[in-house]
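Observations on chain architecture
Below are the chains, spelled out letter by letter.
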Amino acid sequence: MDENKYTFDNPDFKHAYRHTSSHILAQAIKRLYPETKFAIGPAIDEGFYYDVDSETVFTPEVLEKIEAEMRNICKEKLPLERFELPRAEALELMRDEPYKVELINDLPEDAVISFYKQGDFTDLCAGPHMDSTGRIKGNAIKLTSCTGAYWRGDSKRKMLQRIYGTSFQKKEELDAYLERIEEAKKRDHRKLGRELDLFMITDEGPGFPFFLPKGMVLRNELESFWRELHRQCGYQEIKTPMILNEELWHRSGHWDKYKENMYFTKIDGEDYAIKPMNCPGGMLAYKRRPWSYKDLPLRVGELGVVHRHELSGALHGLMRVRCFTQDDAHIFMTREQMHSEILGVINKIDSVYRMFGFNYHIELSTCPPNFIGSQEIREYSENVLREVLETNGKEYIVNPGDGAFYGPKIDFHLEDAIGRTWQCGTIQLDFQMPERFELEYTGADGEKHRPIMIHTVALGSIERFIGILTEHFAGAFPLWLAPVQVMIMPITDRSREYSEEIYKKLFDAGIRVEADYRSEKIGYKIREAQLQKIPYMLVLGDKETEARLVAVRTRLGGDEGTMTLEDFTEKIKSEISSKKN
RNA sequence: GCUAGUGUGGCUCAAUGGCAGAGCACAUCACUCGUAAUGAUGAGGUUGUGGGUUCGAUUCCCACCACUAGCUCCA
C-alpha cells in the first residue's frame, strides 16, 4: 500500500479500508450471534459484504443492532495482527468454520495461509488491512441490505445470507453516497416508464412488456435510426419467422444447449419452437442460393423478435424480459475479411454509443466448457478477437468461458442509473453454425468453401436499450427521440384559434406536437409539460397572437424568447437532424 | 429457480381483528389567468388470488401469483 496516501483516491487504501470494515462486520455478527458460520467477506466497488450462514435472519432491525456493535468495535481501536500458519494448524484453528475449512483445503499446496486477528476475532485472510479497527470511522458505516447468495456462486449449493454494507472516511461522504443512490432511483426506467407512459408490464404477462404510444415513438425512432445506419454500413435487411420446426433447433445445436429457455408449440401434430435467437433462420436464408466469393462479405440485418424463458427472479423492467427485439446482424465472410469486418462492427457500435454519450466497457468472453468446436478453432477464434482489440488499442477485460457455445465474443456493457452494467452490444465469432448448416460459397479457385460468420447486435435489444436510454437521460430524451417534441399552451381561450393554427403547421411539418387547451393557468400547464420532460413549450398569449410569434420555453427552464414559427421550426428541425442531445 | 421482503382506487401512501382514508390524477361547474400546482363539487376500492382460524379477516395462518433487492442465468 502507498504509505503516503490514506485516502480513497488510492484504490489500494480504499480496498483495505472496506476489507477491514468487512472484518468488523463479521466480528460484530460473531459477538451478537455466535452460532453464525462465516464464508467470504470481500471489499467491492461500492463497499463490502460478508457471506454468512446463520440461524438468525438478518432483517433491517437486526442489521441496525449489528451496525451499533460495529461502531463499538471501531471505538475499541483493536489492532489487526497478521500471522501465518502451516496448513494443519490453520485447519485446526478454523475447525468450527466449515466454509473456511473448505477454502483452506482448496488453497494450492505451496500457498501461504495467513490470518488476521483483531481482539476476540480471527479470520482467514490474505489482507492487506488497516492496522486498527480505530482507523474505520464508525458513524460512516452503513449496512445496506441482506440478500441470498449461493456458496461459491453455485446454484446447486447452499444459499447463504449476504450482508452488504459500505463505509467511508467521513459521515458526510456516506450521506452523499446514500443521497446519490436515492437520486439515482428517481431515474429508474420502471418508474419513468410509468410516469412518462412509455410501457407497462402486467400480471398477465410477466416479462412481456406492452409498449404504449409514447414508448412506440422511441422504438420507431430507434429502429429508423438503426435501419439508416445499417444501410450506410452496407447491410441488407430480412425478417425470419417467429415459429420454425423443432428440427431446425436440433441442427443448430440450440436444442442441447438452450431448450430449457425455449417455448414450444404444436402445428398439425408437428413440434415447432418459438425462436429464442435469429441465427438459424438467417442460416436458412443464406442457403437459399449459391454465393460467390465476390458476394462476400455479406451483411444481413434483422430486427428479430425472440422469446426466451428467463427465470422469474431474473426479470427486471425492460432490462430483462422474456420477449425482446434484437437488432441482429449476421456477416458471412472469408478468413481474409475477418479482421476488417470485426473492426468495422466495433467502430459501428462505438459510434452508436458515443452518439448517445454512453460510457461503456468491453469484455472479451472466451469459449465456454461446452463449446461445440475443436480446440484449434477455439484458440484461433479467440486470438482473432484479441488481435483486433489490441491492434486497435481497445481496452478490454477478459471474461473466461463466458462466450457462446458456438464461439468467443466481444461484449459491450452499458451502465444503468445506479451503476449496474448491462450487456448490450456483442460481436460473436462463429465457425460452427456455417459447419452445421453446411454453408458454402464458391471461391476464385472454383472450389466450394465454408464462410465464417459474425453474429452481432449493436443496441442489443431494443427493449433493454430503451431502458438504458431512459435512465441515461432521466426521461429527458434528445429531441429526435422525444415522444412529444413540442407542447402548445395557450394562456387564455382568446389564443385558441392561433394555437390551433400553429399546431396544424407544426403537425404538417412532421413535428410531434400536442396542445393543452384546458382551462388551467399557464403555470399549471408548464408544470405538467416539465414533468413530462417535453423539450419545447410554446406559450401563446395575447402578445404572441397579436404579433404572430411564438414564445419558446425549454424543459431546462430556459426562456428562448419569441420568434416566428418559421424560425422555430427551422431551429428544431436542425436540432432533430443533428441527433444531438 | 433460490434467499429475504413487499402487495390497500390510475399513481404515491395512511389505517384497523368490528361500516377502508388522504393527496395527486379523473369528471362536472365556476374562473380566462403570462412561465413549475385556482377553487368548489363528484365519482372511483369484494385491500393480489384461493383456502384456513374466528361470531366477524383487509389485518392472524397456509398455499399460489406478481413485484423489489441480491444470487444463479442472460440481450
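Residues numbered from 1 in each chain as written. Chains lettered and ligands numbered in written order. Predicted model: local features only at pLDDT ≥ 70, side-chain atom pairs only at ≥ 80, totals over all residues. Heavy atoms only, no water.

Moving on to the overall build of chain A. A tally of helices and strands in chain A yields 18 helices and 28 strands. Projecting the C-alpha coordinates of chain A onto the three principal axes gives extents of approximately 85 × 75 × 55 Å. Pairs at least 24 residues apart make up 70% of the contacts formed inside chain A by residues separated by at least 6 positions. When the accessible surface of chain A is split by element, carbon and sulfur atoms take 49% of a total near 28,000 Å². Here chain A contributes 80 positive and 96 negative side-chain charges, whose respective centroids are spaced 3 Å apart. (Helix = DSSP H or I, 4+ residues; strand = E, 2+ residues; numbered from the N terminus. Contact = heavy atoms within 4.5 Å. Areas by Shrake-Rupley, 256 points an atom, 1.4 Å probe, with all protein chains shown as cover. Lys, Arg positive; Asp, Glu negative; His and termini not counted. Charge placed at Lys NZ, Arg CZ, Asp CG, Glu CD.)

Moving on, we come to the confidence of the model for chain A. Summarising the model, chain A shows a mean pLDDT of 93, and 99% of its residues fall at 70 or more. Across the interface, the model reports ipTM at 0.94; the global pTM reads 0.93. (pLDDT = per-residue confidence, 0-100.)

Attention shifts here to the sheet that holds strand β5 (residues 114-118). Taken together, the three strands give an open sheet; going across it, the order is β4-β5-β6, and neighbouring strands pair in antiparallel fashion. Looking at strand neighbours, the two that pair on one side only are β4 (80-84) and β6 (121-124), the edges of this open sheet. Sheet twist, expressed as the mean angle between neighbouring strand axes with direction ignored, is 25 degrees. Across five bridges, the pairing between β4 and β5 is antiparallel. Note that in β5 the partner of Leu80 across the bridge is Gln118. Set on the sheet, helix α1 (residues 11-32) makes contact with β4, β5 and β6; between it and β6 the angle comes to about 125 degrees. (Pairing = 2+ DSSP bridges. Axes fitted to C-alpha atoms, helices over the stretch in contact; angles between N-to-C directions.)

A cluster of nonpolar side chains, namely Met242, Ile243 and Ile267, defines an oily patch on the protein surface of about 220 Å² accessible area. Turning to its location among the elements, Ile243 is positioned in strand β12 (residues 243-245). According to the relative accessible area criterion, Ile243 is partly exposed, its value standing at 37%. (Patch = residues over 30% accessible without salt bridge, like charges linked within 9 Å, V, L, I, M, F, W, Y side chains within 5 Å. Salt bridge = Lys/Arg side-chain N within 4 Å of Asp/Glu carboxyl O. Buried < 20%, exposed > 50% of the residue type's maximum accessible area, 1.4 Å probe, protein only.)

Close to RNA strand B lie 55 residues, the nearest being Tyr150, Arg320, Gln423, Ser519 and Arg527. Taken together, the sugar and phosphate atoms account for 50% of what RNA strand B places within 4 Å of the protein. In this structure, Tyr150 approaches RNA strand B through a side-chain N or O atom, which is 2.3 Å from a base nitrogen. Secondary-structure elements contributing two or more residues to the surface near RNA strand B are β7 (141-150), β8 (159-167), α6 (189-195), β20 (421-430), β23 (452-461), α16 (522-531), α17 (542-547) and β27 (550-554). Sort the elements by how many residues they give to the surface near RNA strand B and α16 lands first, with seven residues. Of the residues that constitute the surface near RNA strand B, the class distribution is 20 nonpolar, 15 polar and 20 charged. (Near = heavy atom within 4 Å. Polar contact = N/O pair within 3.5 Å; in protein donor to acceptor, adjacent residues only side chain to side chain. Nonpolar A, V, L, I, M, F, W, Y, C, P; charged D, E, K, R; others polar.)

Our focus in this paragraph is the packing of helix α15 (residues 496-508) against helix α18 (residues 565-578). Running from N to C, α15 and α18 point in directions that differ by 35 degrees, and their axes come no closer than 11 Å. When you trace α15 past α18, the crossing you get is right-handed. Of α18, the residues touching α15 (which contributes Ile502, Lys505 and Leu506) are Leu565, Phe568 and Thr569. Here the contact of α15 with α18 is built from residues that sort into four nonpolar, one polar and one charged. (Left-handed = near helix turned anticlockwise from the far one by under 90°.)

With respect to the helices and strands, the residue Ser54 is situated in the loop between β3 (47-53) and α2 (60-76). At a separation of 3.3 Å, a polar atom in the side chain of Ser54 contacts the side chain of Glu35. The residues touching Ser54, leaving out its near neighbours within four places in the chain, are Glu35, Thr36 and Gln161.

This part is about the nonpolar core. Ile342, Phe356, Ile410 and Leu429 are the most contacted members of the largest nonpolar core, which totals 56 residues. Considering every element that reaches this core, the biggest residue donor is helix α11 (residues 338-356), with eight residues. Beyond its immediate sequence surroundings of up to four residues, Ile342 is in contact with Val384, Leu385, Val388, Ile410, Ile427, Leu429 and Ile454. Judged by nonpolar contacts, the second largest core, of 33 residues, contains Tyr17, Ala28, Val62 and Ile163. (Core = buried A, V, L, I, M, F, W, Y, C linked by side-chain atoms within 4.5 Å.)

It is worth spelling out the pairing of strand β14 (residues 270-274) at this point. Successive residues of a regular strand alternate their side chains across the two faces of the sheet. Sheet analysis places β12 next to β14, joined by three bridges and oriented antiparallel. Residue pairing across strands places Asn245 opposite Tyr272, the latter belonging to β14. When strand β13 (residues 263-267) meets β14, the two strands line up antiparallel, connected through five bridges. When the bridges of β14 are listed, Phe264 appears paired with Ala273. From the end of β13 to the start of β14, which pair antiparallel, there are two residues, and Asp268 there has a positive phi angle of about 50 degrees.

Here we take up the sheet that holds strand β19 (residues 409-415). Read from one edge to the other, the open sheet built from eight strands follows the order β11-β15-β16-β23-β20-β19-β17-β18, with strand pairing classed as mixed. The two strands at the open ends of the sheet, each matched to only one other strand, are β11 (236-237) and β18 (397-399). Of the strand pairs in this sheet, β20 and β23 are connected by five bridges, and their pairing is antiparallel. Residue Leu429 lies in a different strand from β23, and its bridge partner there is Ile454. In this fold helix α10 (residues 279-286) packs onto β15 (298-307), β16 (323-333) and β23, with an angle of close to 40 degrees to the strand it touches most, β16.

Let us look at the pairing of β20. Burial analysis of β20 places eight of its 10 residues in the buried class, the great majority of the element. The antiparallel pairing of β19 with β20 creates a hairpin that spans five residues between the two strands, and Gly419 there sits at a positive phi of about 90 degrees.

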